[in-house]
Amino acid sequence: MKNNYLLLVTNKTLIPKLSKESNITFLFPVEEFTVGFPNTFKIEEIREPHAYLFVNRLLDNEGIESFKSLLKDLPSNIEGIVFDDIGILQILKENTTLKKILFLNHFNCNYKSINTYLEYVDSVVVSTDITDMEVSEILEHAINPLVLYTFGHVSIMYSRRQLISNYNEHFKKNVESISTLTNDLGSHFKIVENKYGTVIYTDKPFNGLRYREKKNVWYHLINTLLLSDEEILEIIHKKDNLTEKYPYTYLSESETIVRIKER
Amino acid sequence: MVELLAPAGNLERLKIAFLYGADAVYIGGYEYSLRANAINFSIDELKEAVRFAHDLNKRVYVTVNIVFHNKDLDGLKEYLIELAQIGVDAVIVSDIAVIEVIKDNHIPLEIHLSTQASILNYESALFYKELGVKRIVLAREASRKDIKIIKEKTGLDLECFIQGAMCTSFSGKCVLSNVVTNRDSNRGGCAQVCRWTFDINHESEIFSMTPKDLNMSIYLKDMMDIGVNSFKVEGRMRSVYYIATVIYEYRHLFDKIKSNTLTECDILYSNDIINRCANRESTHQFYDKLPTHEEQYYLGRDEMSNQDFLGIVKGAKDGLVWVEERNYFKVGDVVEFFGPNMEPKTYQIHTMYNESMESIDVARHPRMQVFLKLDTLLPENTMMRLKVFDKNNYL
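Since this is a predicted model, take the numbers as computed values, not measurements.

### Observations concerning the overall build of chain B
Here is step 1: Broken down by element type, chain B carries 10 helices and 22 strands.
Here is step 2: Taken over the C-alpha trace, chain B has a radius of gyration of 22 Å; the compact-globule value for 395 residues is 21 Å, and the two agree within 12%.
Here is step 3: Viewed in the frame of its principal axes, chain B has a C-alpha envelope of about 65 × 55 × 45 Å.
Here is step 4: Across the 395 residues in chain B, those meeting the buried criterion constitute 64%.

### Looking at the sheet that holds strand 3 (residues 51-55) of chain A
Paired through backbone hydrogen bonds, the strands of a sheet run either parallel or antiparallel to each other.
Residue and element names in this part refer to chain A.
Here is step 1: On the basis of which strands lie adjacent, the open sheet formed by nine strands has the order 6-5-4-3-2-1-13-7-12 and mixed pairing. Across the chains shown, the open sheet's two edge strands, defined by having one partner strand only, are strand 6 (123-124) and strand 12 (206-207).
Here is step 2: Taken strand by strand, helix 7 (residues 229-237) contacts strand 1 (5-8), strand 2 (24-29), strand 7 (146-152) and strand 13 (217-223), and its axis lies near 170° from that of strand 1.

### Examining the packing of helix 1 (residues 11-19) of chain B against helix 2 (residues 43-55) of chain B
Residue and element names in this part refer to chain B.
Here is step 1: Taken N-terminus to C-terminus, the directions of helix 1 and helix 2 make an angle of 10°; their axes are 10 Å apart at the nearest point. Relative to helix 2, the element helix 1 lies roughly parallel. Contacts between helix 1 and helix 2 involve L11, L14, K15 and F18 from the first element and E45, E48, A49, F52 and A53 from the second.

### A word on the interface of chain A and chain B
Here is step 1: Taken together, the contacts link 69 residues of chain A with 78 residues of chain B.
Here is step 2: Carbon and sulfur atoms make up 57% of the surface buried where chain A meets chain B, a total of about 6,700 Å² over both sides.
Here is step 3: Three residues, N61, F107 and R161 of chain A, lead the burial of chain A against chain B; their summed loss comes to 12% of the area buried on that side.
Here is step 4: On the surface where chain A and chain B come into contact, there are seven salt bridges.
Here is step 5: A salt bridge links K173 of chain A to E203 of chain B; the shortest N-O distance between them is 3.1 Å.
Here is step 6: Summed over the shared surface of chain A and chain B, the result is 43 residue pairs in polar contact (both at pLDDT 80 or more).

### Looking at the side chain of T63 of chain B
All names here are of chain B.
Here is step 1: With respect to the helices and strands, the residue T63 is situated in strand 3 (residues 59-64).
Here is step 2: Only 3.2 Å separates the side chain of T63 from the side chain of R236, close enough to count as a polar contact.
Here is step 3: The contact partners of T63, leaving out residues within four places of it in the chain, are Y26, I27, G28, Y32, S33, I92 and R236.

### Some words on the packing of aromatic side chains
Here is step 1: In this structure the tally under the stated criterion is 32 aromatic pairs over all chains.
Here is step 2: With a centroid separation of 6.2 Å and 55° between ring planes, the pair formed by F54 of chain A and F103 of chain A is classed as tilted. Residue F54 of chain A is located in strand 3, and its partner F103 of chain A is located in the loop between strand 5 (99-102) and helix 4 (111-117); the two are separated by 49 residues in the primary sequence. In this structure, F54 of chain A and F103 of chain A share a single accessibility class: buried.
Here is step 3: Put simply, the rings of Y20, Y241, Y248, F309 and F338 of chain B pair up and form one aromatic cluster.

### A few points about the packing of helix 2 of chain B against helix 3 (residues 76-86) of chain B
Residues and elements named next belong to chain B.
Here is step 1: Where helix 2 contacts helix 3, the axes come no closer than 10 Å and their chain directions differ by 30°. With respect to their mutual orientation, helix 2 and helix 3 come out roughly parallel. Like other packed secondary-structure pairs, helix 2 and helix 3 cross with a definite hand, here right-handed. Counting all contacts with helix 2, which are made through I43, L46, K47 and V50, the residues of helix 3 involved are Y79, E82, L83 and I86.
Here is step 2: Across the contact of helix 2 with helix 3, the residue classes tally to six nonpolar, no polar and two charged.

### Considerations on the pattern of salt bridges
Side-chain pairing between opposite charges can occur once the charged atoms of the two side chains come close.
Residues and elements named next belong to chain B.
Here is step 1: The full count for this structure, using the stated rule, is 45 salt bridges over all chains.
Here is step 2: In this structure, E152 engages K148 in a salt bridge whose closest nitrogen and oxygen atoms are separated by 3.0 Å. Here K148 and E152 lie together in helix 6 (residues 144-154), a separation of four residues that amounts to about one turn.
Here is step 3: The salt bridge involving K387 is made with E336; its shortest N-O contact spans 3.1 Å.

### Some details on the nonpolar core
Here is step 1: Formed by 216 residues in total, the largest nonpolar core has its most connected members in V64, L80 and Y128 of chain B.
Here is step 2: Residue contributions to this core peak at 12 residues, all from helix 9 (residues 240-258) of chain B.
Here is step 3: Two domains each provide a minimum of three residues to this core, namely domain 1 (3-295) and domain 2 (309-394) of chain B.
Here is step 4: Non-local contacts of Y128 of chain B, meaning those with residues more than four positions away in its chain, are made with I86 and Y117 of chain A together with I99, L113, I119, V133 and I136 of chain B.
Here is step 5: Counting residues in each nonpolar core, the second largest holds 19 residues, with F337, A363, L374 and L378 of chain B among its members.

### Let's talk about the environment of I178 of chain A
Residues and elements named next belong to chain A.
Here is step 1: The residue I178 is located in strand 9 (residues 178-183) in this model.
Here is step 2: Taking the C-alpha atoms as reference points, I178 and L233, separated by 55 residues in sequence, lie 24 Å from one another.
Here is step 3: Leaving out residues up to four positions away in the same chain, I178 has contacts with P38, I191, V192 and L226.

### Here we look at the domain arrangement of chain B
All names here are of chain B.
Here is step 1: Looking at chain B, the domain boundaries give domain 1 (3-295) and domain 2 (309-394).
Here is step 2: On the domain 2 side, the residues contacting the 17 residues of domain 1 number 18 residues.
Here is step 3: Buried surface at the junction of domain 1 and domain 2, both sides included, amounts to about 1,700 Å², of which 67% is carbon and sulfur.
Here is step 4: Of all residues in domain 1, the largest losses of buried area upon contact with domain 2 belong to Y241, Y248 and Y269, amounting jointly to 40% of the total for that side.

### Let's talk about the sheet that holds strand 14 (residues 320-325) of chain B
Residue and element names in this part refer to chain B.
Here is step 1: The antiparallel open sheet is built from eight strands, whose spatial order is 17-16-22-13-14-21-18-19. Two strands lie at the open edges of the sheet, namely strand 17 (342-348) and strand 19 (359-360), each paired on one side alone.
Here is step 2: With five bridges connecting them, strand 16 (residues 334-339) and strand 17 associate as antiparallel partners. Paired with F337 across the strands is K345, a residue of strand 17.
Here is step 3: Docked against the sheet, helix 9 engages strand 13 (309-317), strand 16, strand 17 and strand 22 (383-386), running at close to 90° with respect to strand 22.

Reading guide: rules and limits
Residues numbered from 1 in each chain as written. Chains lettered and ligands numbered in written order. Predicted model: local features only at pLDDT ≥ 70, side-chain atom pairs only at ≥ 80, totals over all residues. Heavy atoms only, no water. Helix = DSSP H or I, 4+ residues; strand = E, 2+ residues; numbered from the N terminus. Rg over C-alpha atoms; globule rule 2.2 N^0.38 Å. Buried < 20%, exposed > 50% of the residue type's maximum accessible area, 1.4 Å probe, protein only. Pairing = 2+ DSSP bridges. Contact = heavy atoms within 4.5 Å. Axes fitted to C-alpha atoms, helices over the stretch in contact; angles between N-to-C directions. Parallel < 35°, antiparallel > 145°, perpendicular 65-115°, else oblique. Buried area = accessible area lost by both parts, 1.4 Å probe. Salt bridge = Lys/Arg side-chain N within 4 Å of Asp/Glu carboxyl O. Polar contact = N/O pair within 3.5 Å; in protein donor to acceptor, adjacent residues only side chain to side chain. Phe/Tyr/Trp six-rings, centres within 6.5 Å; stacked < 30°, edge-to-face > 60°. Left-handed = near helix turned anticlockwise from the far one by under 90°. Nonpolar A, V, L, I, M, F, W, Y, C, P; charged D, E, K, R; others polar. Core = buried A, V, L, I, M, F, W, Y, C linked by side-chain atoms within 4.5 Å. Domains from an automatic or database assignment.

Here is the structure:
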């Protein structure tokens, strides 16, 4: 069976290259409702059939009212929405038109939570912060097929603060809104800011292509941010898991430590 | 109902928090708490904590606010049942799995939603209200406008942070610690990587994300007016002295608000005391605007440690005040005592003795037992500090 991909689009040039492929659903970061993306889409720019909207901003009351307005005029090609804010879940509880996928970033690390949310949504994106084995356990227990974050840079911090602008203001600099951070240990990260906040990503893309073997998966989410069109085409079209080219497995191989004494 | 809510990392701090004026305390058990490296409470200690609080007609909330992994679910139901049997007044949770376990098993526990859930809008709050949540601990990013609307549209009890350290990130939305140190930030192991220093694109200046602390003392009255019910102090890892100082000052401000006698002088004086004790600068962060570069540090962990905390009064002996020392003090020092139900008292030390009742000029050793001759005795658990601020200068 062919894998279904949910392709989080950040580069408009990619769409025509993949629009004919039946197993690809495009996921568009929506202007005013996302953080961590240099390119976002206005609703009227989204013309692909069966398109999904990506809304990962945590919304204040004003944001939630704007989102309600956006829902009123959604064109018919919008099939679903992937979102983080529970307020959106509440608004969409009675909506049977849109497919709903909850991507509660850094939560949903266990099957009980996921099955609870599945009472309200069509699917849930499994946390990126758990091991391969934990992912399998969740899939085994899940009452509906789930979405797995299968490839891409991982968001590891989301701040409401405009951290790059603040740096520029403080030091009278002009650092760009997508930049590279390096800590004292030499670890690198990508940092992206817009007016709604700042997101830090892993420097390297997480390679979870091996997850394509797993059962009970509705979509494999591919985040194209910071990847070239050629890289994305290769990731989707090659059956190989590309582990040599993309060796970074993020947190999927060993469990994190809860208490220092466990070390 | 307006509540001053204090943190406590162990039983001693819990008792101090209550004695110094907290209406309620939040604590963690050995399991499922986001401060895994605090000492935390055993089941027996939880029982004693609840007994102590209820004897004073006060409340204890227990954090069960980790993000649960599959294996963490084992034993959760039994733990929650035990908390209910102990009589804790509420549990603070962030993971919907905990809410489900409580509901599925009809466990009689009041549920408060942790700030880890990052609630900023009323629709989110309504979702959890329908699940049976009684109180929302709002995201620290919530503005005055957001708080007011959430209150008006939901009628829920709202809890807001008023004092203490801030995360750079939305709480729960950061796993920098996991990635850099393999310590799980959402299961109590946060290594505070956001307080480290970075460079950005190899620019010459230090890139920092470190926020200054939160201090809402000037907005307490306004927060009460818009419907905040519980005023929360951060810091389950903080010391007895910090808890005593901060809770004492906020209690004082609360009481002044209640009696309609609060002055700007009171706020400025309390602010100086709190900030010095906290060792960091503070601001009011997101309440009235989006924080700018002025609400951050650019030199990493910019902490100003001091040795103001001199000792704790343990009682009296032969007409002398018995103090257990924490930091160096000597004859001639001007010191201040503050404690439960007393105004701060200033003394200059003229005469002091060691345990053998030999006259001494200097108390050098932490935990040393020292006896002071003052013009009055002082109750147990009174704090002794170096006098730095004089309230008369604020009038």
